[in-house]
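# Reading the structure
The lines below spell out each chain.
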Amino acid sequence: MKLATYKDGSRDGQLVVVSRDLTTAHYATGIANKLQQVLDDWNFISPQLQDLYDALNRSSGGPSSASKARHAFPFDPRQCMAPLPRAYQWADGSAFVQHEELLRKAGDAPVPASFYKEPLIYQGASDDFSGPCDEVVCASEAFGIDFEAELAVITGDVRLSATPEQALDGIRLVMLANDVSLRHLMSAEQAKGFGFVQSKPATAFSPVAVTLDELGDAWSKGRVHLTLQSTWNGRKVGMCEAGPEMTFHFGQLIAHLCKTRHVRAGAIVGSGAVSNKDRSHGYSCIAEKRAVETMQDGKPLTDFMKYGDTIRIEMKGRDGQSLFGAIEQEIVPLAAPATQRGTV
């Protein structure tokens, strides 16, 4: 099934069930109001949502459908918050070691051997995610604004010391992410040896989060074997394969977190920027493009994002249809009033 959260003026929004083709939706009122409620009692609530999802899909078949979702309405991604608008935990990995190899090679820095043995993960802010069509508000272009096209999973409870295989059983939902990075703030933070804070503003997520069965055989061994598309200012810059080169699968990422602690229902774990060794697939973040330019030309030629730039991130299934809906965001300055930017 596919789940989304509609804006209603509150911090956590209203849970809606969305049809498979992303055309219609239905409030889950009477079953659950918030996605966190579902995650906390998954085995009891999710079958009820599945029934509503099935009815919604039958209803989209036309007037002759035997069963209809009586109060369905057209689905509008612009009304969406992140599927889980705030989470108990947001842990973002760097599961594609190729990404680290490329960035470090451009900076004449070696990749530590440990990067190939266990995942690299940072703890991000989870109290204020962005919706799929919300603007990326930044105080200065000089911060080096970059997008990062990723996959992410939402978990149920996963116990302390869980194995990667056990951790896979704890995955409830999959979605896309734009883990915005402020590259020019990163080096100073990393030099302190205590992780990212200012260089990682609010992460945005796709309109819907989907259960694993929606991925079909594209979900295999903890990886999503589909193409992640990134379109910057209307130009497609990334057609990156998300499955084959994911060094650490989602079960391994979650198990890494569980080495010393429990992971509770409502935790979100990201893959890091999807990256391929074959550069013809393009890139999922500008930093990679700049790294390639540095190695080829001695310096980066591509600027980071500017005010007015747009980014679109999407993944399509084997049938060519959008699986999660698209993340579509514009970079805007901090001081610009929303009413002057024509936002809804």
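As shown above, the structure is provided for reference.
Residues numbered from 1 in each chain as written. Predicted model: local features only at pLDDT ≥ 70, side-chain atom pairs only at ≥ 80, totals over all residues. Heavy atoms only, no water.

### Brief notes about the overall build of the chain
Each helix and strand in the chain was counted, giving seven helices and 20 strands. Its C-alpha atoms give the chain a radius of gyration of 20 Å, near enough to 20 Å, the size a compact globule of 344 residues would have. Across its three principal axes, the chain shows a C-alpha extent of roughly 65 × 50 × 35 Å. Put simply, of all contacts in the chain between residues at least 6 apart along the chain, 73% involve residues at least 24 apart. (Helix = DSSP H or I, 4+ residues; strand = E, 2+ residues; numbered from the N terminus. Rg over C-alpha atoms; globule rule 2.2 N^0.38 Å. Contact = heavy atoms within 4.5 Å.)

### Quick notes on the packing of aromatic side chains
Across all of its chains, the model carries nine aromatic pairs by this definition. Taking the centre distance of 5.1 Å and the plane angle of 40° together, the rings of tyrosine 27 and phenylalanine 73 count as tilted. Taken together, the residues span a long stretch of sequence, with tyrosine 27 in strand 3 (residues 24-27) and phenylalanine 73 in strand 4 (residues 73-74) at a distance of 46 residues. Three or more aromatic residues joined by ring pairs make a cluster, and in this case those are Tyr6, Tyr27, Phe73 and Phe75. Here lysine 200 stacks its cationic end above the ring of phenylalanine 196, 5.8 Å away from the centre of that ring. (Phe/Tyr/Trp six-rings, centres within 6.5 Å; stacked < 30°, edge-to-face > 60°. Lys NZ or Arg CZ within 6 Å of the ring centre and 35° of its normal.)

### Side note on unusual backbone geometry
Most peptide bonds adopt trans geometry, and most residues besides glycine take a negative phi value. Although it is not a glycine, leucine 22 adopts a positive phi angle of roughly 65°. As for its position among the elements, leucine 22 is in the loop between strand 2 (14-18) and strand 3. Phi is positive for asparagine 233, which is not a glycine, with a value near 50°. Tracing the backbone through its elements, the reader meets asparagine 233 in the loop between strand 16 (227-232) and strand 17 (235-241). According to the relative accessible area criterion, asparagine 233 is partly exposed, its value standing at 41%. (Buried < 20%, exposed > 50% of the residue type's maximum accessible area, 1.4 Å probe, protein only.)

### A word on helix 2 (residues 42-59)
One turn of the α-helix equals 3.6 residues, which is why residues spaced by three or four share an orientation. Helix length check: helix 2 (18 residues) gives 25 Å between terminal C-alpha atoms against 26 Å at 1.5 Å per residue, within 8%. Close packing links the buried residues of helix 2 with strand 1 (2-6), strand 2, strand 3, helix 1 (35-40) and strand 10 (171-178). (Expected span 1.5 Å × (residues − 1).)

### Details of the sheet that holds strand 19 (residues 310-315)
The strand order 7-20-19-16-17 describes an open sheet built from five strands, whose pairing is mixed. With partners counted over all chains shown, the strands left at the sheet margins are strand 7 (136-138) and strand 17, one partner each. In this sheet, adjacent strand axes meet at a mean angle of 20° when their direction is disregarded. Note: strand 16 against strand 19, five bridges, orientation antiparallel. Residue threonine 231 lies in a different strand from strand 19, and its bridge partner there is arginine 312. (Pairing = 2+ DSSP bridges. Axes fitted to C-alpha atoms, helices over the stretch in contact; angles between N-to-C directions.)

### Thoughts on the pairing of strand 10
With respect to burial, strand 10 is a largely interior element, eight of its eight residues being buried. Here strand 9 (residues 149-155) runs beside strand 10; their pairing, made up of seven bridges, is antiparallel. When the bridges of strand 10 are listed, alanine 152 appears paired with methionine 175. Two strands pair when backbone bridges link them, and strand 10 and strand 12 (residues 204-205) are joined in this way by two bridges, in the antiparallel orientation. In the strand pairing of strand 12, asparagine 178 is matched with alanine 204.

### Observations regarding the packing of helix 3 (residues 97-106) against helix 7 (residues 286-297)
Two elements in contact, helix 3 and helix 7, have axes whose closest approach is 8 Å; the angle formed by their N-to-C orientations is 45°. Regarding the angle of helix 3 to helix 7, the classification is oblique. For the crossing formed where helix 3 meets helix 7, the hand is left-handed. Between helix 3 and helix 7, the residues in contact are His99, Leu102, Leu103, Lys105 and Ala106 and Ala287, Glu288, Ala291, Val292, Thr294 and Met295, respectively. (Parallel < 35°, antiparallel > 145°, perpendicular 65-115°, else oblique. Left-handed = near helix turned anticlockwise from the far one by under 90°.)

### Examining the side chain of threonine 227
With respect to the helices, strands and loops of the structure, threonine 227 is situated in strand 16. Side chain to side chain, threonine 227 and glutamate 241 meet in a polar contact 2.7 Å long. Apart from the residues within four sequence positions on either side, threonine 227 is in contact with Met239, Cys240, Glu241, Glu314, Met315 and Lys316. (Polar contact = N/O pair within 3.5 Å; in protein donor to acceptor, adjacent residues only side chain to side chain.)

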